[in-house]
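# Structural characterization, general
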Amino acid sequence: MAESRITESDPEAPANPLQPATLRRIERHAGALASSAVARMDETLPWFRALPADQRSWVMLVAQAGVRSLVEWLRSGATVAASTQEISDEVFAAAPRALARAITLTQTVQLIKVTIDVAEVEVPSFAGKGEEDLLLRAILRFSREIAFSAARVYARAAESRGAWDARLQAMLVDALLRGDSSDVLASRAAALGWVDSPPVAVVVGRSPGGDITAVLHALYRAARRARLEVIGGLHGDRLVAVVGGAADPVATAAALRSGFGDGPIVAGPSVPTLEQAAESARAALAGFRAAPAWPGAPTPVAADDLLPERALAGDLDARRKLRNDVYGALARSGGGLLETLDAFFAAGGVLESAARELYVHPNTVRYRLRRVTEVTALSPLDGRDAFALRLALSIGRLDPVT
């Protein structure tokens, strides 16, 4: 059996090696030391007592592996940094990866501290004459290596979880865009830890580019600042965000703006639940495709503010809204509203000319135009609203409301 040796290049190294007999005593008592450490955890850590039996057994395995690795480390003398990392990493290889998800990094640090405390109390009793201080210093150095190894384990778990979450989010976004069943949406959202926070809206903009994990991290950082629940995913060059707590979709999109790239950002309408978010997603995506037709559009913009452009781009939902909610509402209201709009637009927006065409007083035209605004929330006196009204009239007459 090779004796432990410490190189002169290590300023923290003790001057004398540990005797083989000391190492054999520690190795023989490895199981008892691990049991003592777990018993101390049970006494001092309430959360550890509440763990399921299988997870407690994993911790026991890690503790036993830790003592064995300590002996191996002492025997090797830790003369090579790479071998030190390999030995300390073997401690966590004893437990399944699920342990990193079941126990937080903070809790793992607590477990390491308890184990080292027990080792500091019990291990020196196995030391030969004059080796107590040497062994204590070696234990403290090994505990540092274990701490670094724990950090590496959790960093790898976080990277793996991040990549998996990104795939799940992409699948959820695809399911939304395909209009999959509510059960599919609910199960995928639950896997991502979605907390139901109605109402829900979908926001679409251009991706800022780069690694997908970094893109989503920036989006989530903006969401945390705004206290919003978000699931994001990339769909081509578009970044799609499903947002909970979006009572005002445009304001919500503005809060997330730093997570998007250049170009239009379109917010779909709010819906009561995630299961209905496909409606908001369709509107937001249609608005994003149609947004270049309105160069002066604000950023962000509501999908419903892009109804004319969406209708021209072939969006059937937009055509239906303009036909039913605008043309149909005017037709149902009667009072000469449709005829007044026709005359007003034909006269180039001149009230008096429209009044002469209709054989009514200009004040009657003013009243009817106000009624149009009340019925449709669109003002014929506003250039943008007038464009939507004219398109609604054409669509309504091409495809009459039944």
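So, here's what we can say about the structure. Quick caveat, the model's predicted, so the values are computed rather than measured. (Residues numbered from 1 in each chain as written. Predicted model: local features only at pLDDT ≥ 70, side-chain atom pairs only at ≥ 80, totals over all residues. Heavy atoms only, no water.)

## Overview of the pattern of salt bridges
- If you walk through the whole model with that rule in mind, you get eleven salt bridges.
- Among the salt bridges present, the one from Asp-304 reaches Lys-321, with a minimum N-O distance of 3.1 Å. Of this pair, Asp-304 sits in the loop between strand 5 (301-302) and helix 13 (307-312) while Lys-321 is found in helix 14 (residues 316-333), placing the two residues 17 residues apart along the sequence.
- On the basis of relative accessible area, Asp-304 is assigned to the partly exposed category, the value being 31%.
- With a closest N to O distance of 2.8 Å, Asp-315 and Arg-310 form a salt bridge.
- Taking relative accessible area as the criterion, Asp-315 reaches 15% and is therefore assigned buried.
- By relative accessible area, which is 2% here, Arg-310 ends up buried. (Salt bridge = Lys/Arg side-chain N within 4 Å of Asp/Glu carboxyl O. Helix = DSSP H or I, 4+ residues; strand = E, 2+ residues; numbered from the N terminus. Buried < 20%, exposed > 50% of the residue type's maximum accessible area, 1.4 Å probe, protein only.)

## Quick look at the layout of surface pockets
- Empty space within the second largest pocket amounts to approximately 270 Å³.
- What lines the second largest pocket is a set of 14 residues, among which Asp-304, Asp-305, Leu-307, Leu-378 and Ala-388 lie closest to the centre.
- At the level of secondary structure, the elements contributing two or more residues to the lining of the second largest pocket comprise helix 13, helix 14 and helix 18 (383-398).
- In terms of residue count, the dominant contributor to the lining of the second largest pocket is helix 14 (four residues).
- Looking at the lining of the second largest pocket, its residues break down into seven nonpolar, one polar and six charged. (1 Å grid on protein atoms, 1.4 Å probe; cavity = no way out; pocket = protein on both sides within 12 Å on 5 of 7 lines; lining within 4 Å. Points joined across faces, edges and corners; volume = space filled by probe spheres on them. Nonpolar A, V, L, I, M, F, W, Y, C, P; charged D, E, K, R; others polar.)

## Topic: the packing of helix 15 (residues 337-346) against helix 17 (residues 362-376)
- Closest axis-to-axis distance for the helix 15/helix 17 pair is 10 Å, and the angle between their directions is 110 degrees. Classified by the angle their axes make, helix 15 and helix 17 are roughly perpendicular. At the point where helix 15 passes helix 17, the crossing takes the left-handed sense. Note on element contacts: helix 17 touches helix 15 through Val-365, Arg-368, Leu-369, Arg-371, Val-372 and Val-375, opposite Leu-337, Thr-340, Leu-341 and Phe-344.
- Here the contact of helix 15 with helix 17 is built from residues that sort into seven nonpolar, one polar and two charged. (Axes fitted to C-alpha atoms, helices over the stretch in contact; angles between N-to-C directions. Parallel < 35°, antiparallel > 145°, perpendicular 65-115°, else oblique. Left-handed = near helix turned anticlockwise from the far one by under 90°. Contact = heavy atoms within 4.5 Å.)

## Observations regarding the sheet that holds strand 3 (residues 238-244)
- Within the open sheet, the five strands sit side by side as 2-3-1-4-5. Their pairing is mixed. For this open sheet the edge positions go to strand 2 (229-235) and strand 5, each flanked by a neighbour on one side alone.
- Of the strand pairs in this sheet, strand 2 and strand 3 are connected by seven bridges, and their pairing is antiparallel. Counted as the bridge partner of Gly-232 is Ala-241 from strand 3.
- Against the sheet, helix 10 (residues 212-226) contacts strand 2 and strand 3, and its axis sits at roughly 150 degrees relative to strand 2.
- Its contacts with the sheet place helix 12 (residues 277-290) against strand 1 (200-206), strand 3 and strand 4 (265-267), and it is angled at close to 25 degrees to strand 1. (Pairing = 2+ DSSP bridges.)

## Observations regarding the pairing of strand 1
- For strand 1, the tally of buried residues reaches six of seven residues, placing the bulk of the element in the interior.
- Relative to strand 3, strand 1 runs antiparallel, the two being bridged by seven bridges. Looking at strand 3, one finds that Val-200 is bridged to Gly-244.
- Both strand 1 and strand 4 contribute to a ladder of three bridges, which runs antiparallel. Bridged to Val-204 within strand 4 is Val-266.

## Description of helix 10
- Here helix 10 contains 15 residues, and its C-alpha end-to-end distance of 21 Å stays within 8% of the 21 Å for a straight helix at 1.5 Å per residue.
- Residues of helix 10 that are buried include every one of Val-215, Leu-216, Ala-218, Leu-219, Ala-222 and Ala-223, and no others. One face of helix 10 carries all of its buried residues, which in axial projection span an arc of 155 degrees. Exposed residues on helix 10 whose side chains face more than 90 degrees from its buried face are Arg-224 and Arg-225.
- Downstream of helix 10 by one or two residues, Arg-227 has phi in the positive range, about 55 degrees. (Expected span 1.5 Å × (residues − 1). Arc of directions from axis to C-beta.)

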